[in-house]
Amino acid sequence: MSADTQDLRTQLDQLQESLSVRQSTTHFAHTGVSTIAALLIGGAAGKLFYDSLRTPMLAWGATLLTLALLVYAFRHYRTGRKVLVEELKGYETMMELRRQLRLDDPAALLPR
C-alpha cells in the first residue's frame, strides 16, 4: 500500500468509528418520548381544569410540567437536526473515501 492509500484508509477507519454511534437518533427518541408524555400530562391537566369548580393546584403543576416537557422536546429536536446534518456530511465523506479506495468496486476484487 502506498502512503496515500494508507492515509485514506486511516481517515476511513476514523470516520467509520465516529459514525458508528448515531447521536441524532438519541435526540429524536428524547423528542418523541417527551412529546408523548407532554400530551398525556397536558390532557390530564385539561381534564382537571374542565371538571373542577375551583382550579386545583395539581392542574397548574401538570400544566407547568407539560410546558417544560414541550420545551425539552423542542430543544432536543433542534439539537438532533443539527447533529443529523453533521452525520449526513460525514456519511457522504465516508462514501467518497470508499470510492477513492475502490472498496465497493467488484472489478477491483477480481484476480488479474
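None of the values given here were measured: they were computed from a predicted structure. (Residues numbered from 1 in each chain as written. Predicted model: local features only at pLDDT ≥ 70, side-chain atom pairs only at ≥ 80, totals over all residues. Heavy atoms only, no water.)

Q: An account of the environment of Ala 59 is needed here, citing residue identities and associated values.
A: Counting through the fold element by element, Ala 59 comes out in helix α3 (residues 57–101). Under the relative-accessibility criterion, Ala 59 is labelled buried at 0%. Measuring from C-alpha to C-alpha, the distance between Ala 59 and Met 95 comes to 52 Å, with 36 residues separating the pair along the chain. Each residue touching Ala 59, except ones within four places of it in the same chain, is listed here: Ala 45, Leu 48 and Phe 49. (Helix = DSSP H or I, 4+ residues; strand = E, 2+ residues; numbered from the N terminus. Buried < 20%, exposed > 50% of the residue type's maximum accessible area, 1.4 Å probe, protein only. Contact = heavy atoms within 4.5 Å.)

Q: Account for the nonpolar core, naming residues and giving values.
A: If you look at the biggest cluster of nonpolar residues, it comprises seven residues: Leu 8, Leu 12, Leu 15, Leu 19, Met 94, Leu 97 and Leu 101. Elements represented by at least two residues in this core include exactly α1 (3–19) and α3. The element best represented in this core is α1, accounting for four residues. Among residues more than four places away in sequence, those in contact with Met 94 are Leu 12, Leu 15, Gln 16 and Leu 19. (Core = buried A, V, L, I, M, F, W, Y, C linked by side-chain atoms within 4.5 Å.)

Q: Can you break down the pattern of salt bridges residue by residue, with the values?
A: Under the defined criterion, the tally for this structure stands at three salt bridges. Of the charged contacts in the structure, one is a salt bridge between Arg 99 and Glu 96, with a shortest N-O distance of 3.5 Å. With Arg 99 and Glu 96 both in helix α3, this residue pair falls three residues apart, about one helical turn. For Arg 99, a relative accessible area of 49% corresponds to the partly exposed category. The class for Glu 96 is partly exposed, based on a relative accessible area of 35%. (Salt bridge = Lys/Arg side-chain N within 4 Å of Asp/Glu carboxyl O.)

Q: Just give me the short version of the confidence of the model for the protein chain, but keep the residues and values in it.
A: Overall, the predicted model of the protein chain reaches an average pLDDT of 90, with 96% of residues at or above 70. Ranking the helices and strands of the protein chain by mean pLDDT puts helix α2 (residues 23–51) first, with 96, and helix α4 (residues 106–109) last, with 70. (pLDDT = per-residue confidence, 0-100.)

Q: Tell me about the packing of α2 against α3, and name the residues and values.
A: Packing of α2 against α3 leaves a shortest axis separation of 7 Å and a crossing angle of 160 degrees. Classified by the angle between their axes, α2 and α3 sit roughly antiparallel to one another. Every pair of crossing elements has a handedness; the one defined by α2 and α3 is left-handed. Residue classes in the contact of α2 with α3 are distributed as 19 nonpolar, 13 polar and two charged. (Axes fitted to C-alpha atoms, helices over the stretch in contact; angles between N-to-C directions. Parallel < 35°, antiparallel > 145°, perpendicular 65-115°, else oblique. Left-handed = near helix turned anticlockwise from the far one by under 90°. Nonpolar A, V, L, I, M, F, W, Y, C, P; charged D, E, K, R; others polar.)

Q: Any chance you could break down the environment of Leu 58 for me, citing the residues and the numbers?
A: As for its placement among the helices and strands, Leu 58 is situated in helix α3. Residue classification places Leu 58 among the exposed positions, given a relative accessible area of 62%. As for Leu 58 and Leu 101, which are separated by 43 residues in sequence, their C-alpha atoms are 62 Å apart.

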